[in-house]
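Residue-level structure breakdown
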Amino acid sequence: MSSWLGGLGSGLGQSLGQVGGSLASLTGQISNFTKDMLMEGTEEVEELPDSRTKEIEAIHAILRSENERLKKLCTDLEEKHEASEIQIKQQSTSYRNQLQQKEVEISHLKARQIALQDQLLKLQSAAQSVPSGAGVPATTASSSFAYGISHHPSAFHDDDMDFGDIISSQQEINRLSNEVSRLESEVGHWRHIAQTSKAQGTHNSDQSEICKLQNIIKELKQNRSQEIDDHQHEMSVLQNAHQQKLTEISRRHREELSDYEERIEELENLLQQGGSGVIETDLSKIYEMQKTIQVLQTEKVESTKKVEELEDKIKDINKKLSSAENDRDILRREQEQLNVEKRQIMEECENLKLECSKLQPSAVKQSDTMTEKERILAQSASVEEVFRLQQALSDAENEIMRLSSLNQEKLQMSLLKLNNEYEVIKSTATRDISLNSELHDLRLNLEAKEQELNESISEKETLIAEIEELDRQNQEATKHMILIKDQLSKQQNEGDSIISKLKQDLNDEKNRVHQLEDDKMDITKELDVQKEKLIQSEVALNDLHLTKQKLEDKVENLVDQLNKSQESNVSIQKENLELKEHIRQNEEELSRIRNELTQSLNQDSNSNFKDTLLKEREAEVRNLKQNLSELEQLNENLKKVAFDVKMENEKLVLACEDVRHQLEESLAGNNQLSLEKNTIVETLKMEKGEIEAELCWAKKRLLEEANKYEKTIEELSNARNLNTSALQLEHEHLIKLHQKKDMEIAELKKNIEQMDTDHKETKDVLSSSLEEQKQLTQLINEKEIFIEKLKERSSKLQEELDKYSQALRKNEILRQTIEEKDRSLGSMKEENNHLQEELERLREQQSRTAPVADPKTLDSVTELASEVSQLNTIKEHLEEEIKHHQKIIEDQNQSKMQLLQSLQEQKKEMDEFRYQHEQMNATHTQLFLEKDEEIKSLQKTIEQIKTQLHEERQDIQTDNSDIFQETKVQSLNIENGSEKHDLSKAETERLVKGIKERELEIKLLNEKNISLTKQIDQLSKDEVGKLTQIIQQKDLEIQALHARISSTSYTQDVVYLQQQLQAYAMEREKVFAVLNEKTRENSHLKTEYHKMMDIVAAKEAALIKLQDENKKLSTRFESSGQDMFRETIQNLSRIIREKDIEIDALSQKCQTLLAVLQTSSTGNEAGGVNSNQFEELLQERDKLKQQVKKMEEWKQQVMTTVQNMQHESAQLQEELHQLQAQVLVDSDNNSKLQVDYTGLIQSYEQNETKLKNFGQELAQVQHSIGQLCNTKDLLLGKLDIISPQLSSASLLIPQSAESLRASKSDVSTESSELLQQELEELRKSLQEKDATIRTLQENNHRLSDSIAATSELERKEHEQTDSEIKQLKEKQDVLQKLLKEKDLLIKAKSDQLLSSNENFTNKVNENELLRQAVTNLKERILILEMDIGKLKGENEKIVETSRGKETEYQALQETNMKFSMMLREKEFECHSMKEKALAFEQLLKEKEQGKTGELNQLLNAVKSMQEKTVVFQQERDQVMLALKQKQMENTALQNEVQRLRDKEFRSNQELERLRNHLLESEDSYTREALAAEDRETKLRKKVTVLEEKLVSSSNAMENASHQASVQVESLQEQLNVVSKQRDETVLQLSVSQEQVKQYALSLANLQMVLEHFQQEEKAMYSAELEKQKQLIAEWKKKAENLEGKVISLQERLDEANAALDSASRLTEQLDVKEEQIEELKKQNELRQEMLDDVQKKLMNLANSSEGKVDKVLMRNLFIGHFHTPKNQRHEVLRLMGSILGVRREEMEQLFHDDQGGVTRWMTGWLGGGSKSVPNTPLRPNQQSVLNSSFSELFVKFLETESHPSIPPPKLSVHDMKPLDSPGRRKRDTNAPESFKDTAESRSGRRTDVNPFLAPRSAAVPLINPAGLGPGGPGHLLLKPISDVLPTFTPLPALPDNSAGVVLKDLLKQ
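Residues numbered from 1 in each chain as written. Predicted model: local features only at pLDDT ≥ 70, side-chain atom pairs only at ≥ 80, totals over all residues. Heavy atoms only, no water.

1. Quick look at the overall build of the protein chain
Looking only at helices and strands, one finds 35 helices and zero strands in the protein chain. In the protein chain, buried positions account for 40% of the 1949 residues. Within the protein chain, contacts between residues separated by at least 24 positions form 92% of all contacts whose residues are at least 6 apart in sequence. A total accessible area of about 111000 Å² is found for the protein chain, and carbon and sulfur atoms account for 56% of it. (Helix = DSSP H or I, 4+ residues; strand = E, 2+ residues; numbered from the N terminus. Buried < 20%, exposed > 50% of the residue type's maximum accessible area, 1.4 Å probe, protein only. Contact = heavy atoms within 4.5 Å. Areas by Shrake-Rupley, 256 points an atom, 1.4 Å probe, with all protein chains shown as cover.)

Written as structure tokens, this is what we have:
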């Protein structure tokens, strides 16, 4: 729809595309109309199946033709699409290569330019200073160019893309050619006006031209309004004509309907009359009947094939229906449309509304075409469009007529066939049908054919659903068989009497069977009719869905158009306001400039300059006016379009409301129809049940008869051999009858199975439809609530979006103005630089040619003065304008700041929204991927299960395992269920990881997007700030330029301007470099964006592989990618063109500069040349402005495209996340269902295993009971054997007392022991048997408990399975809701919906399989219950036997008691006998021995009797204890028997309860069957009503098809006209293409020249650059060398200065020292004289005092010995010994004896012998000195005194002291060396004069009066020189003692 807005100026090519689209839509609408009319026409014929089949064939042929046409269209479009893609790829590769070359060239030029700029800036930084001045107003961009570019990309956004990319490119070429022609005409017009204005050349002519132009504008406005009124009038006329034609068509339609209804009534009457005459019979015509039957059979075969094809089509239509039913909005409109249809069928007077509602899409499309044509009429002729519309109407009418004639012909053919059939039926009716055998054969043939038909129908998808009802019927049959078996067992006694009755019953049953066959035939016919009616109603529903979808699409398109038009209106209004302001400013500037130019024209001789200026200004004014007029036209057109769109929206809203009402009514009707169908189905089920019951009875009776016959034959053959012949005859007769009955039974079984399948199909269809309706109503309610919420959200978001878009537009406008000002300033700067350079050159030339003065120069001076005055006036005007513009700029800056603040807030909000959105996207993507993978796994498992079902239908347990496997992928074992579940968990974990990775990728992409947007925003902000600063700078520069222009020295100004021109050229190159960088950045961003889009595309491809549902998304994405590709190609071509334009401009500028240089070199014609140069510069400035504007526009377009792509990607991501969320919910539900199902199956298997275990335990119990019985028999036998042995043994017991006496006693003891052993063994066996009996009783108890528990568990499992089935249904409802929400979110996912619906049907089939499994389980439970009953009976028998055994046991115990009593009596008797025997023996002994031995014998006898009594008492006690134990055991056994009886009673109660439960469930099943039969009856009624409706609608369809054929013919005529126009446009295109080729050749030549020029420039620049670089490198090296030298010289200077300072100090010190030396020489002379005197005196003393010891000396030495330290006392002693003449060896011996010495001896001795000298404490350094030996000190002192070489002194100011300064004391530390020397020298020569023995002199005291100071001894000679003389510190003398080294050492110290 966006092509309508974008294609206002597109021309004939676009109109062609629109006409083609309208034709395609018309053909589609006509096909839909024909479908609807045919569907209405099919309802008229009710009871004629052949006519119906023919109608279906006709519809099929129409649909086939339409499908073929659509396929051809699709193939053509695909080929075009592929060709265009290939072309685009080639173009894009070529463009990319060119772009890369251009970018390389630009980079080289940039580098060169930057280097040159740097050098120029370095050179000109000192000379140039930018003066301040006023600014120049910014020029507005040409709105025509902006408009063309703004509307250009919209041509590539066609939603439909009917004729492909080639047509869009043709439209683009047409639009460009139209714009070229328009611009050429405008150029010619303005040239003509300019020539006329040249001829006049006065101020009045300008004003008159302005007035003329204003009048022309007014006239154009009036003409445009008149044209608009004319177009509106023509539209109203066309609408009226269309309405009249519609009324005529509807009237004809009604008439044809009435004619068809009359014909149908006549045919029905004829059929009824024919039906009355069918009763007559004739034997001769049966052969003809058979022939007709064969013909009918062949026809049936053909019809079955056609029916199969139709069924395939119906399947496709059902798929479409399911997808349509899933759409909530579609359902609403469907209800409304169906209600409207019901109204129209009930009220035939409203047929016109029906046609209008079905022709609404065509009317809407015609209105769309009319709106398109209105826009096209604004630029092209309106008469042609009116003619085309008329032709289209006439073509549509012709096509409708043709279709109606075709329908009439088809009806006539069907009527002829019906008449032929009617005649055949009449002819066959007169024949005889009495022969039963032939009739039977014919019926068999008919039944076989019907079976074929039923088999073809039963191959549908509903076979799976039929198994359920078959199972139920099998259950009923099994129950009936059980009952019949019981009855047969009873009836066996009455067999002989019933045989005669059965023969009569057989004859009756034959008749009944015939009747049942007839009834079955009728029912099958009725079922076929109902199925056909259902198919037709489904086709009608599909057509309604299609029309409704089209209406919805149109409504959405119109809404999109409205939104776009509103946005475009708002933008255009803003642009108009801005353009008005710009025009007003331009007009003011024009008026001022014209006034100035008129003044200058009067004064100036150079008229060419002003004429050119005038022409340019007039051209600008005309362009602006043209742009204004065009924009006003566009505004008005857009307002009209918006109004039309609003009107169409209102109409569509009304139509939608009508359609909603219709849909509601139709839904109500559908509900009624479904109820009627349900009643019909229920009645059919009732009839079917009765028929089945009767058939079962007949089968059973036949079986009973066969059994009885066989028995009777055997009895008779055995009993009566005489009647064998008669019996054989009867037997053969009965066998024949039996075979016949078997045949009939088999046939009836087949018929019953077919009936069952048919009934089940109908039942399943009805139940599924009811469930779907309920689910859909719930979905509709939920989705209405959801849609209301979404609407509220969308309204809020729309408001926010509008606010943001307005703010963005304002910002873009500000940006544009700022950038325009920036560019204008840049161009002005460049021009100023060029002018400055030219002015400087001219000044130099003038300075060279100054002495020559001509009269021409005076004239030029006067001219220049006049021009200066004019320029001053211009400058004042410009300053005023600049002030005004500065105010405007300040206001704009304020508004810009506010906008920036608002933008920042919006950005924050958007970032928050993005974050939330990213989180939602992440969750949705996770869910989506999980669902997809789960769906995949489920699909795989379903396929595996299907294969397994086909293989293992017979075995139920394997079937259950297969059902369990539906949740698994590969496993087929029930035992591995948990392992598979773990595997599925692992798979889900893997999927979760993959989803997380995908989420991370999506987050990264989102972050990239956010960063890109932030960068763009920052760039925009930075650009705004920079532009404001640059504008101020440029204003100042412009003011400076005006001040320069107003100066008197024009030639100097020209030179200055030339310089400025050069500078501006440099700046322009900089600007171009910046622009190129921006373009590179944009291209980089594009490449990044494309990479991101590629990533998204790859992910979508993966999703497509995972799901077949996302196909349409990918196609959409590819189409959007193609649009982006085209836009990028266009942008690239634009860039290349603009680069070429820039190159042309540069070449022209170079040529102009060369011309300027040549002309300026002559110097004579300076004034004229300067004016021409100024004109050329102005032209170049304008060109540069245009180029800059183009670049800005292109940048804006790139930004908009990037933003659009971002929005699209965000929308796609939202859709993906929503889908993923829904799929996750689905997968969760699926997983829950799978878990529940696995639990059920596991519990069922556990129950089975438990039952098996119970059976095994029962078998074991039975076996153990048998063993017990055997053991009891054995025990009883043994007891019988034992009792006589005991009686015989009792006689022998008395003899045991006398074991010593006789051998018999031994035998008796052995036998008693054996008996006791046997008794013990018997007792043990009895105890073991009792234990086994107890265990058996416990086992019985456990079995009864477990049986009760299993029964309870089974009952609970039944309840759980029922509840779980309900939950499964509810979950399926939830899944359906989610699927439908998916469909709402993504309308274009119809393929997805189909696939999801197929999955849903698969799931329904799986649920049905589950139901079957449940029924199988119920059957198994019944069988198990039967087994349990049997086992209970067996248990009762066992209990009875156990009771008998117990009674026997009790009897045995009683006998045992009796035997024990007998034994006791016999024992007593034995005792008495023994006593008597003893008495007799005693008597004998007494007699023999006498009276003495009697007492002893009596005592012995008494003792023995006592012992025996004790033994017998013990035995009696033992027997009594055993009896008590047996009685206790008997009581325990009796208690256990009572417990068992109670448990049996409880189990019987539970059995009765379970039987009652089963009976209740059977009653509920029977009730459901009755309800289903009632539904069947209702549905039959509904089907009849629907058939009537279909008949009425078919007639309307035929009429409409006729009218459509008429319209098609008119449209074909229109197509011919359009093709002619297309040929003309193709010729124009070829001409324009040739022109384009020529332009391309010229462009290529220019590019070659430019490239050559650029290469030369590159070579020049590179050579110069290399030279400059070499020079710079050399100079750098020289500078570095010089710097090194300078540094070394500086160091030398510093050293020399330091040396000079030290030398000056040395000279001063030397002067002082020379003075001191002179004084010291004088003192030396005096002291020398004194020494000579002293030496003389010493010589005298020595001579006199040899051999004498001075007392004073010795005393001093003695005292000093004690004063000296202990370690040095031996030296003092040695001195004393040497003085006294003691040998050294003796001294050493003395030292060995005693090494101690006297302390402080040396100091006292050296102190000059004075006792009163104070001994100062030694310092640490002095301590070290005194530690050394005295002789060593003396020797060192002498050495120092005799050493001549003194090191160079350190001449410092601080060391310079007066002679009597206190510093001497400090330097006494140097004394020890001299002291040592002196000591050593003196000790070395003792013969010399001793200084110690000299008397003191008053003049120069040798010893310090203060005694020994800090330095050691107080003698002057022993003191160091530094105290007396100024000495240098001693240094070692080096061999290279040069002056420099000495100086350096001094400086260092």
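2. Regarding the side chain of Asn833
Residue position: Asn833 is located in helix H16 (residues 724–848). Here Asn833 falls in the buried class, since its relative accessible area comes to 7%. A polar contact of 2.8 Å, which involves the side chain of Asn833, links it to the backbone oxygen of Ala1063. In contact with Asn833, not counting residues within four places along its chain, are Tyr1056, Leu1057, Gln1058, Gln1059, Gln1060, Leu1061, Gln1062, Ala1063, Tyr1064 and Glu1067. (Polar contact = N/O pair within 3.5 Å; in protein donor to acceptor, adjacent residues only side chain to side chain.)

3. Describing a nonpolar patch on the surface
Residues Leu70, Leu73 and Leu77 make up a contiguous nonpolar surface patch of about 220 Å² in total accessible area. On the secondary structure map, Leu73 appears in helix H3 (residues 49–127). (Patch = residues over 30% accessible without salt bridge, like charges linked within 9 Å, V, L, I, M, F, W, Y side chains within 5 Å. Salt bridge = Lys/Arg side-chain N within 4 Å of Asp/Glu carboxyl O.)

4. Topic: the packing of aromatic side chains
Under the definition given, this model contains one aromatic pair. Taken together, a centroid distance of 5.0 Å and an interplanar angle of 80 degrees make the contact between Phe1758 and Phe1762 edge-to-face. Here Phe1762 and Phe1758 lie together in helix H26 (residues 1751–1763), a separation of four residues that amounts to about one turn. Owing to a relative accessible area of 46%, Phe1758 belongs among the partly exposed residues under this scheme. Above the plane of the ring of Trp697 lies Lys700, whose end atom (NZ or CZ) is 5.9 Å from the centre. Here the guanidinium or amino end of Lys1678 rests over the ring plane of Trp1675, the centre of that ring lying 4.7 Å away. (Phe/Tyr/Trp six-rings, centres within 6.5 Å; stacked < 30°, edge-to-face > 60°. Lys NZ or Arg CZ within 6 Å of the ring centre and 35° of its normal.)

5. A few points about a negative patch on the surface
On the surface, Asp259, Glu261, Glu262, Glu265, Glu266 and Glu268 cluster together into a patch of negative charge. Along the chain, the position of Glu262 falls in helix H6 (residues 203–276). You can call Glu262 partly exposed: its relative accessible area is 46%. (Lys, Arg positive; Asp, Glu negative; His and termini not counted. Charge placed at Lys NZ, Arg CZ, Asp CG, Glu CD.)

6. Description of the environment of Glu657
Note that Glu657 resides in helix H15 (residues 607–719). Judged by its relative accessible area of 37%, Glu657 is partly exposed. Residues Glu657 and Arg332 lie 325 residues apart in sequence; the distance between their C-alpha atoms is 10.0 Å.

7. Examining the pattern of salt bridges
Evaluated as defined, the whole model comprises 43 salt bridges. A salt bridge links Glu1657 to Arg112, with the nearest nitrogen and oxygen atoms 4.0 Å apart. Pair noted here: Glu1657 is in helix H25 (residues 1492–1744) and Arg112 is in helix H3, with a separation of 1545 residues, a long-range link. Here Glu881 ties to Arg592 by a salt bridge, and the two come within 2.2 Å at their closest N and O atoms. On the criterion of sequence distance, the pair formed by Glu881 in helix H17 (residues 855–951) and Arg592 in helix H14 (residues 495–603) is long-range, its members being 289 residues apart. Look at the salt bridges and you will find they share partners, linking Glu819, Arg823, Glu1192 and Lys1195 into a network.

8. Notes on the environment of Glu616
Take Glu616: it is sitting in helix H15. Put simply, Glu616 and Ala194 are 422 residues apart on the chain and 9.7 Å apart in space, counted from C-alpha to C-alpha. Leaving out residues up to four positions away in the same chain, Glu616 has contacts with Gln1179 and Asp1182.

9. Side note on the confidence of the model for the protein chain
Summarising the model, the protein chain shows a mean pLDDT of 79, and 78% of its residues fall at 70 or more. Taken element by element, the predicted model of the protein chain shows its lowest mean pLDDT in helix H4 (residues 143–151) (40) and its highest in H25 (92). Within the model, the stretch residues 129–162 combines pLDDT values under 50 with 95 contacts to residues more than four positions away or in other chains. (pLDDT = per-residue confidence, 0-100.)

10. Observations concerning the packing of helix H8 (residues 328–346) against H14
Pairs of packed helices are described in terms of their axes, by the angle between the two and the distance that separates them. Interaxial distance between H8 and H14 falls to 9 Å at its minimum, and their mutual angle equals 120 degrees. Considering their axes alone, H8 and H14 lie oblique with respect to each other. Along this stretch, H8 crosses H14, giving a crossing that reads as right-handed. On the side of H8, the interface is formed by Asp329, Ile330, Leu331, Arg333, Glu334, Gln337, Leu338 and Glu341, while H14 contributes Leu541, Leu544, His545, Thr547, Lys548, Gln549, Leu551 and Glu552. For the contact of H8 with H14, the per-class residue count stands at six nonpolar, four polar and six charged. (Axes fitted to C-alpha atoms, helices over the stretch in contact; angles between N-to-C directions. Parallel < 35°, antiparallel > 145°, perpendicular 65-115°, else oblique. Left-handed = near helix turned anticlockwise from the far one by under 90°. Nonpolar A, V, L, I, M, F, W, Y, C, P; charged D, E, K, R; others polar.)

11. Overview of the environment of Ala1569
Relative to the assigned elements, Ala1569 resides in helix H25. Sequence separation between Ala1569 and Met686 is 883 residues; the distance between their C-alpha atoms is 7.6 Å.

12. Looking at the side chain of Arg594
By secondary structure assignment, the location of Arg594 is in helix H14. Dropping the residues within four chain positions of it, Arg594 is found in contact with Ile210, Leu614 and Glu618.

13. Concerning helix H27 (residues 1769–1780)
With twelve residues, H27 should cover 16 Å at 1.5 Å per step; its first-to-last C-alpha distance of 16 Å lies within 8% of that length. Buried residues of H27: Arg1769, Val1772, Met1776 and Gly1777, and no others. Along the long axis of H27, the arc covered by the buried residues comes to 140 degrees, so they all point the same way. With its phi angle positive at about 90 degrees, Gly1781 sits one or two positions after the end of H27. (Expected span 1.5 Å × (residues − 1). Arc of directions from axis to C-beta.)

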